[in-house]
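The primary structure of each chain is shown beneath.
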Amino acid sequence: MPVEKSELSRFELGKYYVASLFLKGVIGGMRLLPYGTRIAAMGTLVRGLAPLVGFRKRVRGNLKLTCPELSDRDINRISAEVSDNAGRAMMEHFSPEGFTARQRNAETSGPGVAAFDAAAAEGRPVMIIAAHFGHYLAARIALQARSGRPIGCLYRRMANPYFNEAYVKAFYKTGSPMFEQGRRGMVEMVRSLKGGEMIAIVSDLHVHGGEELMFFGKPAVTSLLNAELAMKFNAVMIPCYAVRQPNGLDFEIVLHDPVPHSDPRTMTQHINDDLEQMVRQHMGQWFWIHRRWKAWNGLGVQPEDMP
């Protein structure tokens, strides 16, 4: 977990301050461009920097681990698409006004739409289970507009305390409430669910204290908390994906059938399987840069360390 400024050394503070100035400068410069141009430009920039910052190596390692049937050509193509999508998502996050205006009327489809509409109309608690796929904030924006109800969002604070301030400020411009990952944020999120509200949460990160479930045929530590909360508060749990469209700017919001309530492990594995199915259809839209399989062989060896 990120630490407070007071816990950082002067050197660490200085490093973060300089990095924050650089990032804010790049983003500020991009914001001078028209919306569509800046989104595409950031995608191109991150795609170009990917080999230098280790993104390509991480993506390549994860793909070789989980999809050994892919050719080098396919892996290179997917790696470029992943980096481009990551850059676009970053610039969209820091363009909340234009992003919100564009995604408010995004097309919504899928077998889970009827269940979402019914739960929203009845005032039932709803858990939108998203992933680092396409850009999950597009789903939040579109579903808030569709339902007329706010959707709370759980977020992880960034390690850089100076850049985190801008990050959170932009987050709030896509809606509220926001729940920071941690004890206080969890209490607020649980209170929101208990009150029959809607929340959106990503489920595709390695979480300490989670359980090893299968994802792309390999053990991946996954939190069972979402399923436990859904069962406790009788919440409708709907897998949701914001699929980036060919123009690179628009999204289709796809809602799958609600996850049947059974037991936390079965429900969470269902979510992993559902996400895998969606990723296989759009390989370049999932964030393969994550360390999702941290100890895949039980020895702590990372995919990027593979020969």
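Above this text is the structure in question.
Reference entry: report on the structure contained in this document. (Residues numbered from 1 in each chain as written. Predicted model: local features only at pLDDT ≥ 70, side-chain atom pairs only at ≥ 80, totals over all residues. Heavy atoms only, no water.)

1. Re the overall build of the protein
Part 1: From N to C terminus, the protein includes 11 helices and 9 strands.
Part 2: Radius of gyration (C-alpha) of the protein: 19 Å, near the 19 Å computed for a compact globule of 307 residues.
Part 3: Here the C-alpha coordinates of the protein stretch approximately 50 × 45 × 45 Å along the principal axes.
Part 4: Going through the 307 residues of the protein one by one, you find that 50% of them count as buried.
Part 5: Intrachain contacts of the protein at a sequence separation of at least 6 include 75% that bridge at least 24 residues.
Part 6: Of the roughly 14,300 Å² of accessible surface on the protein, 56% is carried by carbon and sulfur atoms.
Part 7: Here the protein contributes 37 positively and 30 negatively charged side chains, and the mean placements of these two sets differ by 6 Å. (Helix = DSSP H or I, 4+ residues; strand = E, 2+ residues; numbered from the N terminus. Rg over C-alpha atoms; globule rule 2.2 N^0.38 Å. Buried < 20%, exposed > 50% of the residue type's maximum accessible area, 1.4 Å probe, protein only. Contact = heavy atoms within 4.5 Å. Areas by Shrake-Rupley, 256 points an atom, 1.4 Å probe, with all protein chains shown as cover. Lys, Arg positive; Asp, Glu negative; His and termini not counted. Charge placed at Lys NZ, Arg CZ, Asp CG, Glu CD.)

2. Some words on the pattern of salt bridges
Part 1: Summed over the entire model, instances satisfying the criterion amount to 15 salt bridges.
Part 2: For R77, the salt bridge goes to D74, with nearest N and O atoms at 3.7 Å. Within this pair, R77 and its partner D74 are both found in helix α4 (residues 72-93), separated by 3 residues, close to a single helical turn.
Part 3: On the accessibility criterion, R77 (41% relative accessible area) is partly exposed.
Part 4: Between R77 and E81 there is a salt bridge whose closest N-O contact spans 3.4 Å. Here the residue R77 and the residue E81 both occupy positions in helix α4, the gap between them amounting to 4 residues, near one helical turn. (Salt bridge = Lys/Arg side-chain N within 4 Å of Asp/Glu carboxyl O.)

3. Side note on the pairing of strand β2 (residues 126-130)
Part 1: Counted residue by residue, β2 has 5 buried out of 5 residues, so it is predominantly covered.
Part 2: With burial as the criterion, each face of β2 is covered, one bearing V126, I128 and A130 and the other bearing M127 and I129.
Part 3: Inspection of the sheet shows β2 paired to strand β5 (residues 198-202) by 5 bridges, in the parallel sense. In the strand pairing of β5, A130 is matched with V202.
Part 4: Here 4 bridges tie β2 to strand β8 (residues 236-244), and the two strands are oriented parallel to one another. The residue bridging V126 from the neighbouring strand is V236, located in β8. (Pairing = 2+ DSSP bridges.)

4. Describing a nonpolar patch on the surface
Part 1: On the surface, L45, L49, L52 and V53 cluster together to form a nonpolar patch covering roughly 380 Å² of accessible area.
Part 2: Inspection of the secondary structure puts L49 in helix α2 (residues 35-53).
Part 3: Exposure remark for L49: the relative accessible area of 38% places this residue in the partly exposed category. (Patch = residues over 30% accessible without salt bridge, like charges linked within 9 Å, V, L, I, M, F, W, Y side chains within 5 Å.)

5. Regarding the packing of aromatic side chains
Part 1: Counted under the stated rule, the structure contains 13 aromatic pairs.
Part 2: Centre to centre, the rings of F99 and F251 are 6.3 Å apart; their planes meet at 85°, and the pair counts as edge-to-face. In this pair, F99 sits in helix α5 (residues 96-103) while F251 sits in strand β9 (residues 251-255), placing the two residues 152 residues apart along the sequence. Both residues of the pair, F99 and F251, count as buried.
Part 3: Ring geometry for F216 versus W288: centroids 5.1 Å apart, planes at 70°, classification edge-to-face. Highlighted residues: F216 in the loop between β6 (211-215) and β7 (218-222) and W288 in the segment after α11 (264-281), separated in sequence by 72 residues. (Phe/Tyr/Trp six-rings, centres within 6.5 Å; stacked < 30°, edge-to-face > 60°.)

6. Quick word on the packing of α5 against helix α7 (residues 136-147)
Part 1: Here α5 crosses α7 at 60°, and the two axes come no closer than 9 Å. As judged from the angle between their axes, α5 and α7 are oblique. In this structure, α5 crosses over α7, and the sense of that crossing is right-handed. Taking contact as the criterion, the partners of F99, T100 and Q103 in α5 are, on α7, L137, A138, I141 and A142.
Part 2: For the contact of α5 with α7, the residue count by class is 5 nonpolar, 2 polar and no charged. (Axes fitted to C-alpha atoms, helices over the stretch in contact; angles between N-to-C directions. Parallel < 35°, antiparallel > 145°, perpendicular 65-115°, else oblique. Left-handed = near helix turned anticlockwise from the far one by under 90°. Nonpolar A, V, L, I, M, F, W, Y, C, P; charged D, E, K, R; others polar.)

7. Thoughts on helix α3 (residues 55-66)
Part 1: Across its 12 residues, α3 extends 17 Å between first and last C-alpha, which sits within 8% of the 16 Å expected from 1.5 Å per residue.
Part 2: Three or more residues of α3 are buried, namely R58, V59, G61, N62, L63, L65 and T66.
Part 3: On its buried side, α3 packs onto α4 and β7. (Expected span 1.5 Å × (residues − 1).)

8. Digging into the environment of F94
Part 1: With respect to the helices, strands and loops of the structure, F94 is situated in the loop between α4 and α5.
Part 2: Along the chain, F94 and K5 lie 89 residues apart, while their C-alpha atoms are 23 Å from each other.
Part 3: Apart from residues no more than four positions distant in its own chain, F94 is found in contact with I27, R31, F163, A166, Y167 and A170.

9. As for the pairing of β8
Part 1: Of all 9 residues in β8, 9 are buried; the element is thus mostly enclosed.
Part 2: Of the two faces of β8, the one lined by V236, I238, C240, A242 and R244 and the one lined by M237, P239, Y241 and V243 are each fully buried.
Part 3: Here β8 pairs with β9 via 5 bridges, running antiparallel. When the sheet's bridge partners are listed, R244 is paired in β9 with F251.
Part 4: Where β8 folds back onto β9 in an antiparallel hairpin, the turn is made up of 6 residues, including G248, whose phi is positive at roughly 80°.

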